[in-house]
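# Reading the structure
In case you want the letters, here they are:
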Protein chains: 2
Amino acid sequence: MKFSAPEEYGLRCLLQIARQGPGGSLTIPQVSQAEGISQHHAAKLLRILRTGGFLKSARGQAGGYTLARPAREIVVADVLDVLGGRLFNPDFCARHAGPDAACAQTTDCSIRSLWLALQTAVDGVLNRTTLQDLLQNGREMQSPSQQLVQPAHLRPVS
Amino acid sequence: MKFSAPEEYGLRCLLQIARQGPGGSLTIPQVSQAEGISQHHAAKLLRILRTGGFLKSARGQAGGYTLARPAREIVVADVLDVLGGRLFNPDFCARHAGPDAACAQTTDCSIRSLWLALQTAVDGVLNRTTLQDLLQNGREMQSPSQQLVQPAHLRPVS
DNA sequence: GCGAATCTGTACTTTTCTGTCAAGATTACG
DNA sequence: CGTAATCTTGACAGAAAAGTACAGATTCGC
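### Some words on the overall build of chain A
A tally of regular secondary structure across chain A gives 6 helices and 3 strands. Taking all 158 residues of chain A together, 47% fall into the buried category.

### Notes on the packing of helix 1 (residues 5–18) of chain B against helix 4 (residues 76–84) of chain B
For any two helices packed against each other, the geometry comes down to the angle between their axes and how far apart the axes lie. Residues and elements named next belong to chain B. Direction vectors running N to C along helix 1 and helix 4 enclose 130°, while the axes themselves pass 9 Å from each other. The pairing of helix 1 with helix 4 is recorded here as oblique in orientation. Note on packing geometry: the crossing formed by helix 1 with helix 4 is right-handed. Contact residues: Pro6, Glu7, Gly10, Leu11 and Leu14 in helix 1; Val76, Val79, Leu80, Leu83 and Gly84 in helix 4. Its residues assigned to classes, the contact of helix 1 with helix 4 shows 7 nonpolar, 2 polar and 1 charged.

### Digging into the pairing of strand 2 (residues 55–58) of chain B
Here strand 2 of chain B runs beside strand 3 (residues 64–67) of chain B; their pairing, made up of 4 bridges, is antiparallel. Along strand 3 of chain B, the bridge assignment pairs Ser57 of chain B with Tyr65 of chain B.

### Topic: the pattern of salt bridges
Residue and element names in this part refer to chain A. For the coordinates displayed, the defined rule picks out 6 salt bridges over all chains. Its salt-bridge partner being Glu8, residue Arg12 comes within 2.5 Å of it at the nearest N-O pair. One end of the pair is Arg12 and the other is Glu8, both in helix 1 (residues 5–18) and 4 residues apart, which spans about a single turn. Taking the relative accessible area as the measure of exposure, Arg12 reaches 1% and is therefore buried. Owing to a relative accessible area of 4%, Glu8 belongs among the buried residues under this scheme.

### Concerning the environment of Val76 of chain A
Relative to the assigned elements, Val76 of chain A resides in helix 4 (residues 76–84). Those residues in contact with Val76 of chain A that lie beyond four places of it in its chain are Leu11, Leu126, Thr129, Thr130, Leu131 and Leu134 of chain A together with Leu114 of chain B.

### Some remarks on the sheet that holds strand 1 (residues 25–26) of chain B
All names here are of chain B. Taking strand neighbours across the sheet as the criterion, the 3 strands line up as 1-3-2 in an open arrangement whose pairing is antiparallel. The strands lining the two open edges of the sheet, one partner per strand, are strand 1 and strand 2. Of the strands in this sheet, strand 1, strand 2 and strand 3 touch helix 1, which is tilted by about 85° from strand 3. Relative to the sheet, helix 3 (residues 39–51) contacts strand 2 and strand 3, its axis offset from that of strand 2 by approximately 115°.

### Some points on helix 2 (residues 28–35) of chain B
Residue and element names in this part refer to chain B. All of the buried residues along helix 2 are Val31, Ser32 and Glu35. End-on, the buried residues of helix 2 take up no more than an arc of 105°, which puts them together on one face. Phi turns positive, to about 70°, at Gly36, one or two residues after helix 2.

### So, helix 1 of chain A
All names here are of chain A. An ideal rise of 1.5 Å per residue puts 20 Å on 14 residues; helix 1 measures up with 20 Å between its terminal C-alpha atoms. Burial within helix 1 is extensive, with 12 of its 14 residues counted as buried. If you check which residues of helix 1 are buried, you get Glu7, Glu8, Tyr9, Gly10, Leu11, Arg12, Cys13, Leu14, Leu15, Gln16, Ile17 and Ala18.

### Overview of the packing of helix 2 (residues 28–35) of chain A against helix 3 (residues 39–51) of chain A
All names here are of chain A. Contact pair helix 2 / helix 3: the axes reach a minimum separation of 8 Å and the direction vectors enclose 110°. It follows that helix 2 is roughly perpendicular to helix 3 by the angle criterion. Packed against helix 2, whose contacting residues are Ile28, Pro29, Val31 and Ser32, the element helix 3 presents Gln39, Ala42, Ala43 and Leu46 at the interface. Partitioned by chemical class, the residues of the contact of helix 2 with helix 3 number 6 nonpolar, 2 polar and no charged.

### Comments concerning the side chain of Asp123 of chain B
Residue and element names in this part refer to chain B. Assignment of secondary structure puts Asp123 in helix 5 (residues 107–126). What makes Asp123 buried here is its relative accessible area of 12%. A polar atom in the side chain of Asp123 sits 2.4 Å from the side chain of Arg86. If we skip the residues at most four places from it in the chain, Asp123 touches Arg86 and Arg128.

### Regarding the packing of aromatic side chains
Summed over the entire model, instances satisfying the criterion amount to 2 aromatic pairs over all chains. The interplanar angle of 15° and the centroid separation of 3.8 Å between the aromatic rings of Phe3 of chain A and Trp115 of chain B together place this pair among those described as stacked. Placement of the pair is Phe3 of chain A in the segment before helix 1 and Trp115 of chain B in helix 5, with the two residues belonging to separate chains. You can call Phe3 of chain A buried: its relative accessible area is 2%. The positively charged end of Arg12 of chain B is found above the aromatic ring belonging to Tyr9 of chain B, 5.4 Å away from the centroid.

Parameters at a glance
- Residues numbered from 1 in each chain as written.
- Chains lettered and ligands numbered in written order.
- Predicted model: local features only at pLDDT ≥ 70, side-chain atom pairs only at ≥ 80, totals over all residues.
- Heavy atoms only, no water.
- Helix = DSSP H or I, 4+ residues; strand = E, 2+ residues; numbered from the N terminus.
- Buried < 20%, exposed > 50% of the residue type's maximum accessible area, 1.4 Å probe, protein only.
- Axes fitted to C-alpha atoms, helices over the stretch in contact; angles between N-to-C directions.
- Parallel < 35°, antiparallel > 145°, perpendicular 65-115°, else oblique.
- Left-handed = near helix turned anticlockwise from the far one by under 90°.
- Contact = heavy atoms within 4.5 Å.
- Nonpolar A, V, L, I, M, F, W, Y, C, P; charged D, E, K, R; others polar.
- Pairing = 2+ DSSP bridges.
- Salt bridge = Lys/Arg side-chain N within 4 Å of Asp/Glu carboxyl O.
- Arc of directions from axis to C-beta.
- Expected span 1.5 Å × (residues − 1).
- Polar contact = N/O pair within 3.5 Å; in protein donor to acceptor, adjacent residues only side chain to side chain.
- Phe/Tyr/Trp six-rings, centres within 6.5 Å; stacked < 30°, edge-to-face > 60°.
- Lys NZ or Arg CZ within 6 Å of the ring centre and 35° of its normal.

Set out below in structure tokens:
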């Protein structure tokens, strides 16, 4: 159970822009430098975030990326969904609402139920966290660790 | 945020053996067939589980794999740890116990804190779930979905 | 002892993911 | 109008993960 690299870096890039305050914007080179990744890489991540509806882009000489909505209205669960996909699709039991007879004994369902319970637990955190919360962090969140989360070839985080 | 393939299939293989009841055992071919994966693949997963201390193996003509401990003493969090590694290491803030001055403003820490909150939420579920719970499922776990969790080339789960 | 059935361990191939690249489109400014 | 700065898009290459294959070691039963 791991975070994907786009989830880690995409969310960081989005936060960089959010830190510019309402209406603030950053260009690809600026985000690239701030996060220590290549411009091409930053461009790819920002594009995904734009397609997902979290960023607006402006082309041309005075272009750049801006938050599409206020930071407090951007829910982290939605962002991670776009960057990496969900753990498990929440449209469960849409038609198994009746007596769950046939599937209660299979090994499959045992595992599925577990995955689902995890999804619920994770969503409980992510659905209640906005970009704004991350910006003014330190409230319900604890102190950090210095351990690396993702692949070894990525830059070491300060 | 995804489960790795070993996590999904390794846990299933372990459950297959657990379903044999106390003292029950299965061979590699049996597990392989029950889960619809190749014998080589099953062997690899079972070896990991044995190394992790969840299975005992017996070689020779009457060999096979048996649970190393009763199902109720095997915690799923430990199993997934061996199969796929943790989301985030829990030895956080071992030395940042004091005033967290320098790191409270960085973007890194915002993200880290979020990852950590997720780890805590996930552990809350996994540390309280044993193999026994999965065998007699349907208690705190809900009905299943029919969506696939992992890579497309894996066998479609019934 | 010999052979069959079983697990053990390492190396290899395929697939998937991740990050890179190059060419194009758009806008602002002089 | 032209130049420079910016975003856009699809294709590509390297790296990591996943699954496969093979040769070996152990045990049981005859």
